[in-house]
Amino acid sequence: GAFYGLMNKVSLLGIRVDACKCISCGTCSKVCQMDVDVTRAPNHAECIRCGKCIGACPVDAIGYRCGLGVSAETLPQTGDEK
């Protein structure tokens, strides 16, 4: 598990979030068994790429991405986070 978490950052399969489509409903976070907020960290080390967030998104803002590189398509951070 720990090894897999370290490899998430360089994985060929990742999660992308289209910030223009996302309505910030929180449905993706509610269905995630790993308690990952994909809108804030789409390639979080604890994400197991199960795809439940993709299937739950009502506006198809979440999907898989293939290839190396970090997805820049995340929602902007708000100032109220610590």
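Criteria and cut-off values
Residues numbered from 1 in each chain as written. Predicted model: local features only at pLDDT ≥ 70, side-chain atom pairs only at ≥ 80, totals over all residues. Heavy atoms only, no water. Helix = DSSP H or I, 4+ residues; strand = E, 2+ residues; numbered from the N terminus. Contact = heavy atoms within 4.5 Å. Areas by Shrake-Rupley, 256 points an atom, 1.4 Å probe, with all protein chains shown as cover. 1 Å grid on protein atoms, 1.4 Å probe; cavity = no way out; pocket = protein on both sides within 12 Å on 5 of 7 lines; lining within 4 Å. Points joined across faces, edges and corners; volume = space filled by probe spheres on them. Nonpolar A, V, L, I, M, F, W, Y, C, P; charged D, E, K, R; others polar.

Topic: the overall build of the chain
Check the secondary structure of the chain and you find 3 helices and 2 strands. What you see in the chain, going N to C, is helices and strands ordered as α-β-α-α-β. The contacts of the chain with a sequence gap of at least 6 include a subset with a gap of at least 24, amounting to 75%. Of the roughly 5,300 Å² that the chain leaves accessible, carbon and sulfur atoms contribute 60%.

Looking at the layout of surface pockets
Rolled over the atoms, a probe sized like a water molecule indicates the empty space that remains. Reported here for the largest pocket is a volume of approximately 150 Å³. Broken down by element, the residue count for the lining of the largest pocket peaks at 3 residues, all from helix 2 (residues 27-31).

So, empty space enclosed by the protein
Tallied over the full model, the rule gives 1 cavity of 30 Å³ or more. Residue lining of the largest cavity: I15, C32, Q33, M34, V38, C47, I48, R49, C50, G51, K52 and C53, and that is the complete set. Of the residues contributing to the lining of the largest cavity, the split by class is 8 nonpolar, 2 polar and 2 charged.

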